[in-house]
Amino acid sequence: MFTRIQWRIAAAYVILIVTVLLALGIYLINSVRDQSLRTPEDLAFVVGAAMGVAVVLAILMAILITRTTIEPIDRLIQVAQRMAEGDLDQAIQVGSQDEFGQLASVFQNIALDLRQKMAAIENQRAEVAAILGGMADGALIVDDEGRVVAMNRAAEQMLEIDEATAQGRTVTEVVRHHALVARLTDAPSADVPLVVEVGRDRRQVQVVVTPVRVGKATRQVVLLQDVTALRHAEAIRRDFVANVSHELRTPLASLRALVETLEDGALEDPPAAREFLGRMHVEVDGLSHMVEELLELARIESGRVHLQFTRADVGQVVASAAERLRPQAERQGITLRIAIPEDPVEAAIDAQRLQQVVINLVHNAIKFTPPGGTVSVAVESRNLYVAIVIADTGIGVAPEYVPRLFERFYKADRSRASSGTGLGLAIVKHLVQAHGGHVWATSPGEGQGTTFTVVVPARGPTGPGESSTRALTDHFGELGRLTV
Amino acid sequence: MSGRLSFERDLQRLQDDTLLLASMVDQAIGSSVDALRHLDTAAAERIIRADRDINARRFAIEEAAITTIATQHPIARDLRTIIAVLHISVELERMGDYAAGIARIVLMHGDQELLKPLVDIPRMADYGRSMLRQSLDALVARDTTLAIKVASEDDLVDALYDQVYRELLTYMIQDPRTIDRATWLLWVAHNLERIADRVTNICERVVFLITGHLNEMNASSY
């Protein structure tokens, strides 16, 4: 019924009243006994004095009570204020068993509970931030006013703007692409994937927009997936298929024409027939050659070709391979210079395959150099690598085509119906890579010659990090256009 | 909504629309040169059709700008912002026209091949697009220094144009049968040079927006 504090206060006042009345009573009884009280005025005086004392004592008691009551309340107010400001780690004394004690212990529980909840929320937040931050895809969050709320690191890189600058800006200012912004504002029609170019490198990025409800607000999550490599691979595959069909079509068409001519009567004319058969033979040879090279390339790429590595003098290997092309060079009026060091330059190589590489490159150099030009072949040791440099004074390569030189079927001059399959350089690239090395081409431009450089590690293809581009760049400094 | 807040929204919308228009123009420039490189007539026709959208957008921006001036009576910097955005959208629309012009030259080729592989022309286009992107960066960041720097890059494009001009001239002198195709490529280069010039105009407007002064930057030599 009565709470403990009420009991205490009631008890205090009861004691006060009883004490005063008792004192008054005792005094009055004594006064009547020794007749010191005679007149009503005397009595009034005594009662008045007693009342005065009672009031003073009551006031003193009130002050005492409120102080002892307010003090714990004050303390709890302070604790609560600090909790509101974020300090959840205070020790709350639970002194008494009364209502204040109960209040204090409730506060303690609240503080504990809050601490746990905050820790859980913080963990979750950190987890989500880690996921977003580690994603390879870019993510942007846009509010219903079209302003950027957040973006992850991948998005920062793709869009070349950092989150701090982007926050609060409209998505147009951050993304700057009309098709992407349209995706956000228009209702997503069909699930037609949208691919846009972003950034200075013009990376191709697929855009996926997903609306998300967060409480009462709607946000849009924009996912940016870098599909540049994928598209490039698709393009190469498309080109490959188109190229193979095209390359096969021409010799097959010639063969068909020759066969039909023979069927139509040329057989009756032996000299003509023999000539046609000769030409058919040439076409069939060409086709076989192409198919051979294609198979070779496929074998090398799938790793089914086993190279035998032995220590050999690279200089000798290169020189003997290049020499095989001297007759052809002379026929075309081209000077072939071969420069190898006097001392052996040893490396772990597959001599036969490396010769294939050299023959291929020198053959190309001769083919694409006009008469009177020079093709030079040099071998040199460069620290842990052996370099083979084949330079010509031929027709050169325009800068934008240099990265494509080593693609399959890539032929330098599209308009010329040139001989060759266009696979030679692709084979060279894979053979060099199988040695753990690299090959690249540089050219000052059209008409200014080309230089092919092959480097293979002296130790052979077993060392770690030897085929890393970064390691090579550090090693050689400028590499021109690293094509592989 | 308070008047000021809705006015701020209108200004932001105007600027955003200009950025979107610029994105369309940037794409048109890039794809027109790509279409030229491969003589892709289908792509060229798409670009010419898309130019209508560019024109429509520019008129929409103009209307919105005029409406804002009429209803909100802006003064000082706000007025300068609206006027600058108006001018910039006009420049962008002209740049879109130049891109469509390049696409038309693709169609002019008909069955003929390109006179020569394109080297400097794509570089001019790249410069122009990079300048455009940076000029808009300057607009968004209200950065006068950047605007001035971008305008000075017009010299690079002019130098490339000189180079292309001389090279095509030698073709024409050596073989009169190449005059048609050489002239077409010359027009393409000229369009790209004009595009870069327009970007310097945009930079002028950006500086005007920020400072209130209209200075001529980088007078063109053509």
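This text goes with the structure placed above it.
Please read all numbers here as calculations on a predicted model, not as lab measurements.

Reading the values: the criteria
Residues numbered from 1 in each chain as written. Chains lettered and ligands numbered in written order. Predicted model: local features only at pLDDT ≥ 70, side-chain atom pairs only at ≥ 80, totals over all residues. Helix = DSSP H or I, 4+ residues; strand = E, 2+ residues; numbered from the N terminus. Contact = placed C-beta atoms within 7 Å. Core = buried A, V, L, I, M, F, W, Y, C linked by C-beta atoms within 7 Å. Buried ≥ 20, exposed ≤ 12 C-beta atoms within 10 Å, placed from the backbone. Pairing = 2+ DSSP bridges. Axes fitted to C-alpha atoms, helices over the stretch in contact; angles between N-to-C directions. Nonpolar A, V, L, I, M, F, W, Y, C, P; charged D, E, K, R; others polar. Parallel < 35°, antiparallel > 145°, perpendicular 65-115°, else oblique. Left-handed = near helix turned anticlockwise from the far one by under 90°. Arc of directions from axis to C-beta. Expected span 1.5 Å × (residues − 1).

(A) Structural detail: the overall build of chain A. Of regular secondary structure, chain A possesses 14 helices and 12 strands. Long-range pairs, those at least 24 residues apart, make up 61% of the contacts in chain A with a sequence separation of at least 6.

(B) Up close: the nonpolar core. Membership of the largest hydrophobic core comes to 82 residues, with the highest contact counts inside it found for Val25(B), Ala99(B), Ile121(B), Val188(B), Ala189(B), Cys203(B) and Val206(B). The leading source of residues in this core is helix 7 (residues 179-211) of chain B, at 15 residues. In terms of nonpolar packing, the next biggest core, distinct from the first, is built from 46 residues, Val314(A), Val357(A), Ile366(A) and Leu425(A) among them.

(C) Spatial organisation of unusual backbone geometry. Residue and element names in this part refer to chain A. For Arg 176, which is not glycine, the phi dihedral falls at a positive 55°. Assignment of secondary structure puts Arg 176 in the loop between helix 6 (171-175) and helix 7 (178-185). Given 23 C-beta atoms within a 10 Å radius, Arg 176 is considered buried.

(D) Up close: the sheet that holds strand 3 (residues 194-198) of chain A. Residues and elements named next belong to chain A. Judged by pairing direction, the sheet is antiparallel, and its 5 strands sit side by side in the order 2-1-5-4-3 without closing on themselves. Each end of this open sheet is capped by a strand with a single partner; those strands are strand 2 (148-151) and strand 3. Geometrically, the sheet is characterised by an average inter-axis angle of 30° between neighbouring strands, direction not taken into account. Pairing between strand 1 (residues 138-142) and strand 5 (residues 217-226): 5 bridges, direction antiparallel. Directly across from Leu 140, in strand 5, lies its bridge partner Val 222.

(E) Local environment of the interface of chain B and chain A. Taken residue by residue, the interface counts 10 residues in chain B and 8 residues in chain A. Of all the secondary-structure elements, those providing two or more residues to the side of chain B that touches chain A are helix 1 (3-38) and helix 4 (120-141) of chain B. It is helix 1 of chain B that provides the largest number of residues to the side of chain B that touches chain A, a total of 6 residues. Of the residues in the side of chain B that touches chain A, the class split is 7 nonpolar, 2 polar and 1 charged.

(F) Quick peek at the packing of helix 4 of chain B against helix 6 (residues 154-174) of chain B. All names here are of chain B. At their nearest, the axes of helix 4 and helix 6 sit 10 Å apart, and the two run at 165° to each other. One way to sum up the angle between helix 4 and helix 6 is to call them roughly antiparallel. As helix 4 runs across helix 6, the sense of the crossing is left-handed. In contact with Asp 120, Ile 121, Arg 123, Met 124, Tyr 127 and Gly 128 of helix 4, helix 6 contributes Leu 156, Val 157, Leu 160, Tyr 161, Gln 163 and Val 164.

(G) Region of the structure containing the sheet that holds strand 12 (residues 450-457) of chain A. Residues and elements named next belong to chain A. The mixed open sheet is built from 5 strands, whose spatial order is 7-9-10-12-11. Both outer strands of the open sheet, strand 7 (335-339) and strand 11 (438-442), are each paired with one neighbouring strand and no more. The mean inter-strand angle of the sheet, taken between neighbouring strand axes irrespective of direction, is 15°. With 8 bridges joining them, strand 10 (residues 385-392) and strand 12 adopt antiparallel strand pairing. Across the sheet, Ile 388 pairs through a bridge with Val 454, a residue of strand 12.

(H) Looking closely at the pairing of strand 5 of chain A. As defined by bridge partners, strand 4 (residues 203-214) of chain A adjoins strand 5 of chain A across 10 bridges and the pair is classed as antiparallel. Bridge assignment links Val209(A) to a residue of strand 5 of chain A, and that residue is Val222(A).

(I) Broad picture of the environment of Glu62(B). Residue and element names in this part refer to chain B. Checked against the element boundaries, Glu 62 lands in helix 2 (residues 41-72). Looking at Glu 62, the number of C-beta atoms within 10 Å reads 15, which means it is partly exposed. A C-alpha to C-alpha distance of 9.5 Å links Glu 62 and Ile 83, two positions 21 residues apart in sequence. For Glu 62, the contacting residues outside a window of four places in its chain are Leu 86 and Ser 89.

(J) Structural detail: helix 5 (residues 144-152) of chain B. Residue and element names in this part refer to chain B. All buried positions along helix 5 are accounted for by Ala 147, Val 150 and Ala 151. Take helix 5 and look down its axis: the buried residues cluster within an arc of 100°, on one side only. Structurally, helix 5 contributes buried residues whose contacts are with helix 4, helix 6 and helix 7.

(K) View of helix 4 of chain B. Residue and element names in this part refer to chain B. The end-to-end C-alpha distance of helix 4 is 31 Å, a good match for the 32 Å that 22 residues give at a rise of 1.5 Å each. Taken as a whole, helix 4 has its buried residues at Ile 121, Met 124, Ala 125, Gly 128, Arg 129, Met 131, Leu 132, Ser 135, Leu 136, Ala 138 and Leu 139. The elements touched by buried residues of helix 4 are helix 1, helix 5, helix 6 and helix 7. The positive-phi residue at the C-terminal boundary of helix 4 is Arg 142, with phi of around 50°.

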